[in-house]
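Inside the fold
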Amino acid sequence: MDAFIIEGGNPLQGEVTISGAKNAVLGIIPAAVLCACSSKIENVPDIKDVNKMIVILEKLGAEIYREKDTLIINTEKPISYDVSDYEEETGQMRASYYLLGALLGRYRKAIVPLPGGCNIGDRPIDQHIKGFQALGATVVIEHGQVKMEAPELKGAHIFLDVVSVGATINIMLAAVRADGKTIIENAAKEPHIVDVANFLNLMGANIKGAGTDVIKIVGVEEMHGCEYSVIPDQITTGTYMMAAAATEGDILIKNVIPKHMEAITAKLSEMGVIVLEEDDGIRVIGKHPLKAVNVKTMPYPGFPTDLQQPMAVLMTIAQGTSTITESIFESRFKYVDELRRMGANISINSRTASITGVKALSATKIRTTDLRAGAAMVIAGLIADGETKITEIVHIDRGYENLQENLRNLGADIRRISEKDPACL
Ligand code: UD1
């Protein structure tokens, strides 16, 4: 029951280095079990979702060594394809669904509990299942478990009905070990899809077109271990960019791929923020008053849904009325009530929030409803007048490495407190 206490008002200043991308590494770690081999993965963030994924693989029988941000995953000894006993771990994250594709690819069998993750709307996995079935698997869902078996995995032509990050990666994970050629059309193009494909190719897979909407995979019989360094996290980078803009700060964000940030850079520039791109860094200088803008979340290269909530905080203090339309997840406005408690002027009409800027947010006790909403609450606390208490920060720990230390180094007045759960007293 940890909480953050933030005394708002300090502009962020200095440098911060971004760690590896959560949504890439959560595909790469399961990918490492695709053969009886050992792989070394660098730039692995120390976050709850990654740590849970490691625990699950260890329980399945993988040998995993960790030193700082480097992981060695050894699956030379066979591991289990049955994850059904580890529902507690799988239920706390979305990415546990990648065990389906990876174990099906290696063993032609997988039993994996339905995934958990942020409660941001309907999150079916029908496109994942459609892909596995096209590759030859029989899929049964019973007692909360997805049970799959494929006497033979055969390449197939798969057209995704919706652009899905998870389904694209999951189908790639199984198809790299199928017989013949798989084509995924209407594939997602996010940077983490390219990163997982690069890792798989280094393991001996044959994937072409990752990063476009048509991915072609020729299955291979043999794969081998490799060494790989995970790309920097696009969403964490965007979070710090917005925190700097909101606090009228001036920060240099290091270990960044500026190309991945273009949609965010464009919107912040439109608001009047100065964004200067360097080779592997971005400097952000906040200039107030911020101007109102309109944002619609879209699959990459559009504005990412995962930065919708932090962006809304900037809009609460921008001059005029901004709109933010959420086109990916229908329930991603749950955090709005918390911002209203801080004095924000927000109205919701279906999938669009209209946000009219106020002079300042006022500090109070707020809670975190999911991972990215948590990042938004922290930015709100950084700009509020007085002391903000943010509860349920366990969500934030799932995806942000060293958030409070990094913010403190940038001059923020933020501390973590531990509280006893009243229900346990
Ligand atoms: C991943 C990310 C999450 C991010 C999201 C969108 C991970 C672990 N999580 O989630 O942080 O917010 O991408 O960038 O990488 N859909 C279906 N059927 C499916 C799959 C998806 O209808 O089988 C729909 C979803 O309900 C949603 C849309 O497709 O409306 C996009 O979802 P998807 O890209 O699959 O998101 P996730 O993989 O859940």
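Here the structure is a predicted model, which is why all the values come from computation and not from measurement. (Residues numbered from 1 in each chain as written. Predicted model: local features only at pLDDT ≥ 70, side-chain atom pairs only at ≥ 80, totals over all residues. Heavy atoms only, no water.)

Side note on the site of the ligand
Basically, it comes down to this: Whether a residue is near a molecule or strand depends on its heavy atoms: it is near if one of them lies within 4 Å of it. Two N or O atoms count as a polar contact when they lie within 3.5 Å, although within protein this holds only if one can serve as hydrogen donor and the other as acceptor, and sequence-adjacent residues are included solely when both atoms are side-chain atoms. To measure how exposed things are, a 1.4 Å probe is used in the Shrake-Rupley method; for residues, cover is taken only from the protein chains shown. Counting from the N terminus, the helices are DSSP H or I runs at least four residues long and the strands are E runs at least two residues long.
Taken together, 21 residues lie near the ligand, and Y97, Q127, S164, D306 and I328 sit nearest. P124 has a polar backbone atom sitting 3.3 Å from an oxygen atom of the ligand. Computed on the free molecule, the ligand has an accessible area of 740 Å², of which 88% lies beneath the protein chains in the complex. Among the elements that line the shell around the ligand, the one with the most residues is helix 5 (residues 126–134), at 3 residues.

Focus: helix 7 (residues 191–202)
Put simply, the test is: A helix is expected to span 1.5 Å for every residue after the first. Under the scheme applied here, a residue whose accessible area is under 20% of the maximum for its type counts as buried, over 50% as exposed, and between as partly exposed, the area being computed with a 1.4 Å probe on protein chains only. Here, two residues are considered to be in contact whenever any of their heavy atoms come within 4.5 Å of each other.
Taking 1.5 Å of rise per residue, the 12 residues of helix 7 would be expected to cover 16 Å, and the 17 Å separating its terminal C-alpha atoms lies within 8% of that figure. Looking at helix 7, one finds that the buried residues are P191, H192, I193, D195, V196, A197, F199 and L200. Where helix 7 is buried, its residues meet helix 1 (22–31), strand 3 (38–42), helix 6 (165–175), strand 11 (206–208), strand 12 (214–218) and strand 13 (227–229).

Structural notes on the UniProt feature "binding site: UDP-N-acetyl-alpha-D-glucosamine" (unreviewed entry) in the protein chain
Convention followed: UniProt positions are given in the numbering used here, feature names are shortened, and annotations may be inferred rather than shown by experiment.
The feature "binding site: UDP-N-acetyl-alpha-D-glucosamine" (unreviewed entry), as given by UniProt, occupies R94, R123, P124, I125, D126, Q127, D306 and I328 in the numbering adopted here. Mapping P124 onto the fold places it in the loop between strand 6 (109–113) and helix 5. The class of P124 is partly exposed, set by a relative accessible area of 48%. Mapped onto the secondary structure, D306 falls in the loop between strand 17 (294–296) and helix 10 (308–316). On the basis of relative accessibility, which here comes to 16%, the residue D306 falls in the buried class. Contact partners of D306, with chain neighbours within four places excluded, come to N23, I235, R332 and R372.

Structural notes on the UniProt feature "modified residue: 2-(S-cysteinyl)pyruvic acid O-phosphothioketal" (unreviewed entry) in the protein chain
Taken from the UniProt record, the annotation "modified residue: 2-(S-cysteinyl)pyruvic acid O-phosphothioketal" (unreviewed entry) applies to C118. Relative to the helices and strands, C118 resides in the loop between strand 6 and helix 5. Excluding anything up to four places from it in sequence, C118 contacts R123, D370, L371 and R398.

Re the sheet that holds strand 8 (residues 145–149)
Put simply, the test is: The criterion for strand pairing is that DSSP finds at least two bridges linking the strands in question. An axis is simply a line fitted to the C-alpha atoms; with a helix, the fit covers only the stretch in contact. Between two such axes, the angle follows the N-to-C directions and lies from 0 to 180 degrees.
Taken in spatial order, the 3 strands of this open sheet run 6-8-7, and their pairing is antiparallel. In this open sheet, the two strands that pair with only one neighbour each are strand 6 and strand 7 (138–142). Taking each pair of neighbouring strands and ignoring which way they run, the sheet shows an average axis angle of 15 degrees. Sheet topology note: the strand 7/strand 8 ladder contains 5 bridges and is antiparallel. Note that in strand 8 the partner of T138 across the bridge is E149. Packed onto the sheet, helix 4 (residues 98–107) meets strand 6 and strand 8 and runs at close to 160 degrees relative to strand 6.

Remarks on the pattern of salt bridges
Applicable threshold: Whenever Lys or Arg places a side-chain nitrogen within 4 Å of a carboxyl oxygen from Asp or Glu, that contact is recorded as a salt bridge.
Within the structure shown, the criterion is met by 18 salt bridges. Between K59 and E89 there is a salt bridge; the shortest N-O distance is 2.7 Å. Here E89 lies in helix 3 (residues 87–90) and K59 lies in helix 2 (residues 48–60), a separation of 30 residues in the sequence. Take K59: its relative accessible area is 41%, and that puts it in the partly exposed class.

Some remarks on the sheet that holds strand 23 (residues 413–418)
Whether parallel or antiparallel, the strands of a sheet pair through hydrogen bonds between backbone atoms. With mixed pairing, 4 strands are arranged side by side in an open sheet as 21-22-1-23. Each end of this open sheet is capped by a strand with a single partner; those strands are strand 21 (365–367) and strand 23. Strand-to-strand twist across the sheet, computed as the mean angle between neighbouring axes with direction ignored, equals 25 degrees. One ladder, built from 3 bridges, connects strand 21 with strand 22 (residues 387–391); its direction is parallel. By the bridge assignment, I366 is partnered in strand 22 with I390. Here helix 12 (residues 371–383) sits on the sheet and contacts strand 1 (2–7), strand 21, strand 22 and strand 23; the angle it forms with strand 1, its principal contact strand, is near 30 degrees.

Quick word on the packing of helix 8 (residues 234–246) against helix 12
The condition is simple: Any angle that falls under 35 degrees is termed roughly parallel, while one over 145 is termed roughly antiparallel, one within 65 to 115 roughly perpendicular, and all others oblique. Helix crossings fall into two classes, left-handed where the near helix is turned counterclockwise from the far one by less than a right angle and right-handed where it is turned clockwise. For this classification, Asp, Glu, Lys and Arg are treated as charged, while Ala, Val, Leu, Ile, Met, Phe, Trp, Tyr, Cys and Pro are nonpolar and the rest, including Gly, are polar.
Relative orientation of the contacting elements helix 8 and helix 12 amounts to 20 degrees, with a least axis distance of 9 Å. The orientation of helix 8 with respect to helix 12, classified from their angle, is roughly parallel. Between helix 8 and helix 12 lies a crossing whose hand is right-handed. Of the residues in helix 12, those touching helix 8 at I235, T239, M242, A243 and A246 are R372, A375, I379, L382 and I383. Its residues assigned to classes, the contact of helix 8 with helix 12 shows 8 nonpolar, 1 polar and 1 charged.

Quick word on the state of the cysteines
Selection rule: Disulfides are defined as cysteine sulfur pairs within 2.5 Å.
Scanning all chains against the criterion turns up 1 disulfide. Through a disulfide, C35 is tied to C37; the S-S separation comes to 2.2 Å. Taking the sign of the S-S torsion, 85 degrees for the link of C35 and C37, the bridge is right-handed. As far as the burial class goes, C35 and C37 line up, both buried. Unpaired in terms of disulfides, C226 finds its nearest cysteine sulfur in C37, a separation of 7.9 Å. Under the relative-accessibility criterion, C226 is labelled buried at 9%.

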